Amino acid sequence: MERDFETVLAQQCAPTLAGIKPANLFSWKDAKKANLAYWRKILSPYGLRFRILKACPADGTCLVYLFRETWLCEILSNPDNRAFLSQTGYPDADWNILLKHLSGRLCYCRQFPHEIGIFLGYPLEDVTGFIQNHGRNYTCLGCWKAYGDPEEAARRFEAYHRCTAFYLKKLNMGVPLARLIAA
C-alpha cells in the first residue's frame with residue numbers, strides 16, 4: 001500500500017510539527033506527488049520550512065528536511081555548535097548557506113555526514129559522542145544514540161514517540177494534519 005505524503009509527514013515529523021523538536025529529515029519517493037507547494041503554504045504561517053537536501057534523478061527519491069526556521073537559527077548561532085561546524089568544514093555563514101553546504105555534503109560525501117545531528121536538534125554532546133565513539137558506548141538508544149544523561153534522553157525520546165502516536169491517531173480519525181500543527 002502506498003502511503004500519502006500527509007501520513008508520512010505525520011509519521012516522520014510529528015515532533016517538529018508539534019513544536020517540540022526543531023527539525024526532521026525523511027526520504028520521499030516522488031517530490032511531485034508530495035505537492036510541496038501546497039504544504040509550504042500550509043506550514044509557512046507556523047514558521048515551518050521545507051528543503052529538499054538531496055534528490056536522486058534516477059528514481060525521484062529525495063531527502064526532505066522540515067524545520068522551524070527560528071529554532072534552527074538559534075541552534076546554528078550557538079557558539080559551541082558554530083565552532084563544531086567550523087571544525088567540520090562549514091563556513092561562517094547564515095542558516096541558509098549552512099543548509100546549502102549540508103546539502104552539498106549529502107550529495108557528494110560517500111557517508112552520511114554526522115554533523116547533520118546539529119541541524120536536526122540533537123545535543124552537541126550526542127553528535128560529538130557518536131563521532132568519538134564510532135557509534136558505540138552510548139548511554140541511551142532512541143531516535144538517535146545519546147551520549148549524555150540517559151534519563152533526560154529517554155524522556156525526550158518518549159515525548160517524541162507519544163507525539164508521533166498522537167498525530168497518527170488523530171490523522172486516522174480523519175483530522176487533517178493542518179489542524180494539528182502547533183504555532
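I will try to describe carefully the structure that is included in this document. (Residues numbered from 1 in each chain as written. Predicted model: local features only at pLDDT ≥ 70, side-chain atom pairs only at ≥ 80, totals over all residues. Heavy atoms only, no water.)

A separate point is the nonpolar core. Membership of the largest hydrophobic core comes to 24 residues, with the highest contact counts inside it found for Leu 9, Leu 17, Phe 50 and Leu 177. Looking at this core, the elements with two or more residues in it are α1 (5-18), β1 (23-28), α3 (36-43), β2 (48-55), β3 (62-68) and α9 (150-172). In terms of residues, this core owes the most to one element, α1, which gives seven residues. In contact with Leu 177, other than residues within four places in its own chain, are Glu 6, Leu 9, Ala 10, Leu 17, Trp 39, Tyr 167 and Leu 171. Counting 22 residues, the second largest nonpolar core, distinct from the first, contains Ala 23, Phe 84, Tyr 90 and Leu 102. (Core = buried A, V, L, I, M, F, W, Y, C linked by side-chain atoms within 4.5 Å. Buried < 20%, exposed > 50% of the residue type's maximum accessible area, 1.4 Å probe, protein only. Helix = DSSP H or I, 4+ residues; strand = E, 2+ residues; numbered from the N terminus. Contact = heavy atoms within 4.5 Å.)

With respect to the helices and strands, the residue Arg 82 is situated in helix α5 (residues 79-87). Given a relative accessible area of 24%, Arg 82 falls into the partly exposed group. When the C-alpha positions of Arg 82 and Ala 93 are compared, they lie 9.5 Å apart, and in sequence the two are eleven residues distant. Setting aside anything within four residues of it in sequence, one finds Arg 82 in contact with Leu 76, Ser 77, Asp 92, Ala 93 and Leu 98.

For the rest of this paragraph, the subject is the sheet that holds β1. With respect to topology, three strands assemble into an open sheet ordered β1-β3-β2, the strand pairing being antiparallel. Each end of this open sheet is capped by a strand with a single partner; those strands are β1 and β2. Strand-to-strand, the axes of this sheet are offset by a mean angle of 25°, without reference to chain direction. Judged from the seven bridges that link them, β2 and β3 form a sheet pairing that is antiparallel. Directly across from Lys 54, in β3, lies its bridge partner Leu 63. Sitting on the sheet, α1 touches β1, β2 and β3, and the angle it makes with β1 is about 165°. (Pairing = 2+ DSSP bridges. Axes fitted to C-alpha atoms, helices over the stretch in contact; angles between N-to-C directions.)

By themselves, these figures tell us nothing about what the structure is for.
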